[in-house]
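Secondary and tertiary structure notes
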Amino acid sequence: MAAASARLAILLALLAASSALAAAQKAKAKPAPGPAGAADAAPPTDVNKALKDDQFSEFKQLLHDTRVDTQINAQLTDSYNGLTIFAPTNAAFDKMKAGVLNGLSPQDQIQLVLYCVLPRFYSLSMLGTLDGKVNTQGSGHDGPYRYDIKRAGNNVNVSTGVNSMLLGSPVSKDFPLAVYPVDKVPLPYELFGPKPPTPAPAPAPAPAKSKTKKKHKKSAGIAEPPVADDSTASDGADKKSAAAGLVGTRWVAALGVVGAAVLGGLF
């Protein structure tokens, strides 16, 4: 009985020692808490945290006012492609003419912010391989609001057709979000490019032409008789009728004289 109790005590002691050893190993393997450890554990899925630097305060406010930040965060949470942002600094907004930003309609402000976002993640080396037109979140499937991106030495030149800029050192470079500071606000050509001239008004329709009587074409070498005026022809007919009546009256008078002479001779 005493031997059994001793063996049970030894078994319990071994189990306790094993549990203590496992806990010690787990504690040793757990990373130390701190900012660096937290950043490595969680991918960047909040654009506001990625733009925590004070130099992006105006851009963050514009993201919030247009509610594009909510859209971006939703895409970062559920996206296989990731996103890239060209983030204008406060100095970039200071370079804009006064009233330009506030002069845009709410829809145009949304387009301006979406124009700063590319619909996939690009590292700086990946951007350097691009050469030509690149869509933005404002482009849709294959629409306007695009960039012309080309390599420029060890950097990348981004052109909108209105202005161009080089990219600063990324403030977020881990998938799914890359953020590059820019010292100019990207101005899309569709909003800030020259507007086409207003077309001239259509000319007034020409007045309808009055119908004219067709003139008879004269045959070559054959003279046509003059066309008498209606009034002249009428006067001529009246004169001929009067003359014919006068001649008839004279004939009747002459026949009367001859008849009278014949009758006088008889008697």
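Scope of this entry: the structure provided in the associated data block. (Residues numbered from 1 in each chain as written. Predicted model: local features only at pLDDT ≥ 70, side-chain atom pairs only at ≥ 80, totals over all residues. Heavy atoms only, no water.)

As for the overall build of the protein chain
- Within the protein chain one finds ten helices and seven strands.
- A burial count over the protein chain gives 27% of its 267 residues as buried.
- Within the protein chain, contacts between residues at least 6 apart in sequence are counted, and of these 62% link residues at least 24 apart.
- For the protein chain, the exposed area adds up to about 19000 Å²; of that, 61% sits on carbon and sulfur atoms. (Helix = DSSP H or I, 4+ residues; strand = E, 2+ residues; numbered from the N terminus. Buried < 20%, exposed > 50% of the residue type's maximum accessible area, 1.4 Å probe, protein only. Contact = heavy atoms within 4.5 Å. Areas by Shrake-Rupley, 256 points an atom, 1.4 Å probe, with all protein chains shown as cover.)

Let's talk about the sheet that holds strand β5 (residues 155–159)
- Here we have four strands laid out as an open sheet, ordered β3-β4-β5-β6, and antiparallel in their pairing. Strands at the two margins of the open sheet, each flanked by one partner only, are β3 (132–135) and β6 (164–166). Pairs of neighbouring strands in the sheet enclose a mean axial angle of 35 degrees, with direction left out of account.
- Where strand β4 (residues 146–152) lies against β5, five bridges are found, and the strand directions are antiparallel. Its bridge partner lying in β5, I149 is registered against V158. (Pairing = 2+ DSSP bridges. Axes fitted to C-alpha atoms, helices over the stretch in contact; angles between N-to-C directions.)

Thoughts on the nonpolar core
- By size, the foremost hydrophobic cluster in this structure holds 26 residues, and its most contacted members are L51, F59, L63, I72 and I85.
- Elements with a contribution of two residues or more to this core: α3 (47–50), α4 (57–66), α5 (68–77), β1 (83–88), α6 (90–94), α7 (106–114) and β7 (177–182).
- Residue contacts for L63: discarding those within four places in its chain leaves V47, L51, V68, D69, I72 and V113.
- Listed in part, the 19 residues of the second largest apolar core include L118, Y122, L127 and Y180. (Core = buried A, V, L, I, M, F, W, Y, C linked by side-chain atoms within 4.5 Å.)

Re α7
- Residues of α7 that are buried include every one of Q109, Q111, L112, V113 and L114, and no others.
- Buried residues along α7 sit against α4, α5, β2 (117–118) and α9 (189–192).

A look at the sheet that holds β1
- Taken together, the three strands give an open sheet; going across it, the order is β2-β1-β7, and neighbouring strands pair in mixed fashion. At either end of the open sheet lies a strand with only one pairing partner, and these are β2 and β7.
- The pairing of β1 with β2 spans two bridges and is antiparallel. Bridge pairing in β2 places I85 opposite V117.
- Packed onto the sheet, α5 meets β1, β2 and β7 and runs at close to 150 degrees relative to β1.

Re α4
- Taken residue by residue, α4 has F59, L62, L63 and T66 as its buried positions. The buried residues of α4 occupy an angular sector of 100 degrees when the element is viewed end-on, so they sit on one face.
- Contacts from the buried residues of α4 go to α3, α5, β1, α6 and α7.
- Positive phi shows up at R67, right after α4, with a value of about 65 degrees. (Arc of directions from axis to C-beta.)

A few points about the environment of N48
- With respect to the helices and strands, the residue N48 is situated in helix α3.
- Contacts of N48, omitting those with residues within four sequence positions, involve K60, D69 and N73.

With respect to the side chain of Q111
- Relative to the helices and strands, Q111 is located in helix α7.
- Filtering out sequence-adjacent residues up to four positions away, Q111 remains in contact with G138, Y145 and L191.

Regarding the packing of α4 against α5
- Where α4 contacts α5, the axes come no closer than 5 Å and their chain directions differ by 90 degrees. As judged from the angle between their axes, α4 and α5 are roughly perpendicular. Between α4 and α5, the residues in contact are L63, H64 and T66 and V68, D69 and I72, respectively.
- Taken together, the residues of the contact of α4 with α5 break down into three nonpolar, two polar and one charged. (Parallel < 35°, antiparallel > 145°, perpendicular 65-115°, else oblique. Nonpolar A, V, L, I, M, F, W, Y, C, P; charged D, E, K, R; others polar.)

Here we look at the packing of aromatic side chains
- This model, assessed by the stated rule, comprises five aromatic pairs.
- Aromatic side chains F86 and Y147 sit 5.4 Å apart centroid to centroid with 65 degrees between the ring planes, which places their arrangement in the edge-to-face category. Here the residue F86 occupies a position in strand β1, and Y147 occupies one in strand β4, the gap between them amounting to 61 residues. Pair check on accessibility: F86 and Y147 agree, each one buried.
- A connected cluster of aromatic rings, assembled from ring pairs, spans F86, Y115, Y145, Y147 and Y180.
- For the cation-ring pair, R120 lies above Y122, with the distance from its terminal atom to the ring centre recorded as 5.0 Å. (Phe/Tyr/Trp six-rings, centres within 6.5 Å; stacked < 30°, edge-to-face > 60°. Lys NZ or Arg CZ within 6 Å of the ring centre and 35° of its normal.)

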